[in-house]
Amino acid sequence: MPIDEPLLARLAAGDEAAIAATYRDYRGAIYTLAYRICQCEQEAMDVLQDTFVQAFTRIHQFRGESLWGWLRQIAINQCLSRLRKLKRARLKLLTDSDGVLANDAGPGVRLDLAAAFARLPADTRAVVWLYDVEGYSHQEIAALFGRSVSFSKTQVSRAHQKMRDWLDHSESEARCQPIATPG
């Protein structure tokens, strides 16, 4: 879809009506993308806000043909940045006084696909979402993370295997549960 040059000019000029219309047009898609990657409503809302603040303050840097593609890229970068910060904070919280990571895995529970996806580490979840849902190539993901193509391929492969294992395990546990008898 060709970019609307007059809209870009209005956005660059700070036209409030153009900004509001663009926000209305893209807020749902940006929020959904952010929520799927971050798995947290508050983080998704923060990503939504930060994406539009960055986009509207840097609209003069837009050089693409798709406003949605540009906004999506900003949102993904915002998500990845937040996930890195959260990962560092979580590592600090999980590390005991000797610098050893504590085991925070709980007992096996029944999972559905969304729960299995949410159980993945944040970086892995982001890679899987970008690859499986957003359709990014391994090369594009590697560039986003500043890593190798094999990093992306490995993350996707291991995540798929973990999710299959979790789902298989939860199904077998469900089959082995005693049936409650009425009375």
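Draft legend 1. Representation of the overall build of the protein chain within the structure. Looking only at helices and strands, the protein chain has eight helices and zero strands in total. Helices and strands in the protein chain line up, N terminus first, as α-α-α-α-α-α-α-α. For the protein chain, the proportion of its 183 residues judged to be buried stands at 33%. Within the protein chain, contacts between residues separated by at least 24 positions form 64% of all contacts whose residues are at least 6 apart in sequence. Looking at the protein chain as shown, the accessible area adds up to about 11,500 Å², and 53% of this sits on carbon and sulfur atoms.

Draft legend 2. Fine view of the environment of Ala118. Secondary-structure assignment places Ala118 in helix α5 (residues 113–119). Its relative accessible area of 33% is what places Ala118 among the partly exposed residues. In this view, Ala118 contacts Gln39 and Arg125; residues no more than four positions away in its chain are not counted.

Draft legend 3. View of the pattern of salt bridges. For the structure shown, the criterion picks out five salt bridges. When the shortest N-O distance is used, the salt bridge between Asp15 and Arg10 registers 3.4 Å. For Arg10, a relative accessible area of 37% translates into the label partly exposed. In this structure, the salt-bridge partner of Asp50 is Arg82, at a minimum N-O distance of 2.6 Å. You can see Asp50 sitting in helix α3 (residues 41–57) and its partner Arg82 sitting in helix α4 (residues 67–94), a full 32 residues away along the chain. For Asp50, a relative accessible area of 26% puts it in the partly exposed group. Each of Glu43, Asp46, Asp50 and Arg82 takes part in one network of salt bridges that share partners.

Draft legend 4. Spatial organisation of the packing of helix α2 (residues 16–38) against helix α6 (residues 122–133). Put simply, α2 and α6 touch, their axes get as near as 8 Å, and they point 135° apart. The orientation of α2 with respect to α6, classified from their angle, is oblique. Between α2 and α6, the residues in contact are Leu33, Arg36, Ile37 and Cys38 and Arg125, Ala126, Trp129 and Leu130, respectively. Residues that form the contact of α2 with α6 fall into these classes: six nonpolar, no polar and two charged.

Draft legend 5. Layout of the side chain of His138. Its place among the elements puts His138 in helix α7 (residues 138–145). Residue classification places His138 among the buried residues on the basis of a relative accessible area of 12%. With residues up to four places along the chain from it excluded, the contact list for His138 reads Tyr131, Val149, Ser152, Lys153 and Val156.

Draft legend 6. View of the nonpolar core. With 45 residues, the main nonpolar core has Ile37, Leu67, Trp70, Leu71, Ile76, Leu130 and Phe145 as its most contacted residues. For this core, the elements supplying multiple residues, two or more each, are α1 (5–12), α2, α3, α4, α5, α6, α7 and α8 (149–176). The greatest single-element share of this core, amounting to nine residues, is contributed by α4. The residues touching Phe145, leaving out its near neighbours within four places in the chain, are Leu80, Arg84, Asp123, Ala126, Val127, Leu130 and Phe151.

What counts, and at which threshold
- Residues numbered from 1 in each chain as written.
- Predicted model: local features only at pLDDT ≥ 70, side-chain atom pairs only at ≥ 80, totals over all residues.
- Heavy atoms only, no water.
- Helix = DSSP H or I, 4+ residues; strand = E, 2+ residues; numbered from the N terminus.
- Buried < 20%, exposed > 50% of the residue type's maximum accessible area, 1.4 Å probe, protein only.
- Contact = heavy atoms within 4.5 Å.
- Areas by Shrake-Rupley, 256 points an atom, 1.4 Å probe, with all protein chains shown as cover.
- Salt bridge = Lys/Arg side-chain N within 4 Å of Asp/Glu carboxyl O.
- Axes fitted to C-alpha atoms, helices over the stretch in contact; angles between N-to-C directions.
- Parallel < 35°, antiparallel > 145°, perpendicular 65-115°, else oblique.
- Nonpolar A, V, L, I, M, F, W, Y, C, P; charged D, E, K, R; others polar.
- Core = buried A, V, L, I, M, F, W, Y, C linked by side-chain atoms within 4.5 Å.

Don't take any of this as a statement about function, it's just geometry.
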